[in-house]
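Spelled out from the first residue to the last, the chains are:
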Amino acid sequence: MDNANPVVRLKNAWKSSHPWIFQRLVEKPAQRPKPGSIVDVVGVDGDWIGRGFYNGHSRISLRILETDPEVAVDARWFARTIARAVGLRREVLQLDQVSNAWRVFHSEGDGISGLVVDRYDDLLVLEFFSAGAFRYREWIMEALAAQFPGCRFHAFADEHVQKQESFDFHGFTSSQGPTPPAVITEHGVKFRADPAGAHKTGFFADQRENREWLSRHVAGRRVLDLCCNTGGFAVYSAVRGAAEVTGVDIDADVIEIAKGNARLNNVRPRFVQADIFPWLRDAANAGELFDVVVLDPAKMTRDREQVIPALKKYLDMNRLALSVVKPGGLLATFSCTGLVSEEQFLDMLRRAAFYSNRTVQVLRVSGAGPDHPFLAQAQESRYLKAVFCRVLD
C-alpha cells in the first residue's frame, strides 16, 4: 500500500466490483482530504479495497481507479490508462479510417471515473464529471498531448456537476480567446465542431454509426429530422440522396449551425426553427407524411425522481412523430437520458404505437458507438438508446 496516500475506511463489508462507493458506506476521515484527492480505501476490517478519488462532499464519496495495492495512481498511471484507451480506438476499432472525430475516453468505461474526452481533428475537448478528474487535469492533459502531438485543448464542466462535486471551474483553452472550431469528417460527411459555442462539445460523435446506418435507407425518400440540433441526420440524409429533407429544432442558434454544416457538404435541406409539438400537430392536421422520421431530443432529466415525467414527454413526442410517418416508413427514435433504461424506452414506444393506432416493427436496437464502452459491472456509462422501426400501417 502507498503510505503517501490518505486512508479512507468503509463502514460495512464491500464485495462489489463497481467503482462507485456511496457516502453512506464511508467513514468520515479525521482529516478530510480535499475533493478529488487520491486515497487508499480499506474495508471495515482493514482489508485492502482499492485506490481512487475521494470526495466527502459528493454522494459518490469514492471512485475506485486501481485494485492492485502495488500499483500507484500517479502521472504514469494516467498516461498508461489514457494510452490504453487511445489504442482501443486506433488499433482495435480503427476509427481513424472512418473519422477524425471520436470519443477518446469514456469515464468508467475506460477506467477514470468522471472524465470524458472527445476528439475533433486536432482539437481535444475535455469534460469533467468528478472532482478527481478535474484535480488531476494537468496529468490528464500531459498524457493526451503525448498521444496527440500538437493538439489543442478545450475543457469545461457543467455547473450542476461543479456544485455536486464541490469544485469551481470556468473552463480553459490552450490558446487565447475562444477555441476556434474544427472541421471533421465521418463516413465522408463534413461537420463543424464548435466547443466554444453554447451547445456542449458542438458535435455528437456518439451517433456516428446510427447516422451511417439510417443514411443507407433514405435515397429518394422524404426525411424529417426532429430535434435536429446541428443537423447530423438531416445533412447525412441530404448527402445520401434523400429527395427532400426537413430539420426542426426549437433553438435558433443550432439551426444556424446546421445550415452551415449543410453548406460544408453542398446540400440544401430545409431547416425550421420551431417547437416540435405544435409543428407536428400542424403537420399531421395538414396530412403531411414522411418516409423517414428521426426523433433525437436532448436529455430529459438528471433527477431519478423525474424519470416518470420524462417518459411521459417521450411518449407524447413519439406519438406525434408516429402520426407523420407514411405506412411502411421508418422511425428512428432516440433517448440520451441515462436514467431511462432500454427496457423503459421500448415500453414507452409500445405505448406510443398503441395510442397512435400504428403497428411498429422494431428492426434494430442500438446505442452509442464502440468508442463509448461501458463496464459490465458499471452500466451507468451506457446512456444512449437507439431504436429503428418500420411503421407498418
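In this text the structure is predicted, and so the values were computed from the model without any measurement.

Okay, the overall build of the protein next. Counting secondary structure elements, the protein contains ten helices and 19 strands. Its C-alpha radius of gyration of 23 Å places the protein within 12% of the 21 Å reference for a compact globule of 393 residues. Projecting the C-alpha coordinates of the protein onto the three principal axes gives extents of approximately 70 × 45 × 35 Å. Counting only residues that meet the buried cut, the protein has 53% of its 393 residues in that class. Long-range pairs, those at least 24 residues apart, make up 63% of the contacts in the protein between residues at least 6 apart in sequence. For the protein, the exposed area adds up to about 17,700 Å²; of that, 48% sits on carbon and sulfur atoms. The averaged location of the 48 negative side-chain charges in the protein is 3 Å from the averaged location of its 49 positive side-chain charges.

Judged by pairing direction, the sheet is mixed, and its five strands sit side by side in the order 1-3-4-5-2 without closing on themselves. In this open sheet, the two strands that pair with only one neighbour each are strand 1 (7–9) and strand 2 (20–22). When strand polarity is set aside, the average angle formed by the axes of neighbouring strands in this sheet is 40°. Relative to strand 5 (residues 60–66), strand 2 is paired through three bridges, and the arrangement is antiparallel. Within strand 5, the residue paired with W20 across the bridge is R63.

In this structure, Q207 sits in the loop between strand 12 (189–193) and helix 5 (208–215). On the basis of relative accessible area, Q207 is assigned to the buried category, the value being 3%. A distance of 2.8 Å separates a polar atom in the side chain of Q207 from a polar atom in the side chain of N210. Apart from residues no more than four positions distant in its own chain, Q207 is found in contact with F233, D296, F334 and L384.

Tracing the backbone shows R63 in strand 5. Engagement of the side chain of R63 in a polar contact is seen with the side chain of E165, the distance being 3.2 Å. The contact partners of R63, leaving out residues within four places of it in the chain, are P19, W20, G52, F53, E108, S113, G114, F129, S130 and E165.

Here we take up unusual backbone geometry. Of note in the backbone geometry, D121 takes a positive phi value of approximately 55° without being a glycine. By the element assignment, D121 lies in the loop between strand 7 (115–120) and strand 8 (123–128). On the accessibility criterion, D121 (34% relative accessible area) is partly exposed.

With that settled, the discussion passes to the pattern of salt bridges. Considering all chains together, one arrives at 23 salt bridges under this definition. For D118, the salt bridge goes to R103, with nearest N and O atoms at 2.9 Å. Residue D118 is located in strand 7, and its partner R103 is located in strand 6 (residues 101–106); the two are separated by 15 residues in the primary sequence. For R103, a relative accessible area of 12% puts it in the buried group.

Aromatic rings in a pair are described by how distant their centres are and how their planes are angled relative to each other. The full count for this structure, using the stated rule, is 19 aromatic pairs. Every member of this aromatic cluster is reached through a ring pair, and the members are F53, W77, F78, Y136 and W139. Cation over ring: R222 sits above F290, and NZ or CZ is 4.3 Å from the ring centre.

In this section: helix 8 (residues 276–285). Those residues of helix 8 that sit buried are I276, W279, L280 and A283. In an axial view of helix 8, the angular spread of the buried residues amounts to 95°, which keeps them on one side of the axis. Among the exposed residues of helix 8, those oriented more than 90 degrees off its buried face are D282 and N285. Buried residues belonging to helix 8 abut strand 13 (222–226), strand 14 (244–249), strand 15 (270–273), strand 16 (290–295) and helix 9 (307–322). Between a side-chain oxygen at the N-terminus of helix 8 and the backbone nitrogen of F277 the separation is 2.9 Å; the capping residue is D275. Just downstream of helix 8 lies G287, where phi reads positive at about 75°.

Reading the values: rules and limits
Residues numbered from 1 in each chain as written. Predicted model: local features only at pLDDT ≥ 70, side-chain atom pairs only at ≥ 80, totals over all residues. Heavy atoms only, no water. Helix = DSSP H or I, 4+ residues; strand = E, 2+ residues; numbered from the N terminus. Rg over C-alpha atoms; globule rule 2.2 N^0.38 Å. Buried < 20%, exposed > 50% of the residue type's maximum accessible area, 1.4 Å probe, protein only. Contact = heavy atoms within 4.5 Å. Areas by Shrake-Rupley, 256 points an atom, 1.4 Å probe, with all protein chains shown as cover. Lys, Arg positive; Asp, Glu negative; His and termini not counted. Charge placed at Lys NZ, Arg CZ, Asp CG, Glu CD. Pairing = 2+ DSSP bridges. Axes fitted to C-alpha atoms, helices over the stretch in contact; angles between N-to-C directions. Polar contact = N/O pair within 3.5 Å; in protein donor to acceptor, adjacent residues only side chain to side chain. Salt bridge = Lys/Arg side-chain N within 4 Å of Asp/Glu carboxyl O. Phe/Tyr/Trp six-rings, centres within 6.5 Å; stacked < 30°, edge-to-face > 60°. Lys NZ or Arg CZ within 6 Å of the ring centre and 35° of its normal. Arc of directions from axis to C-beta.

Shape descriptors only; they carry no functional weight alone.
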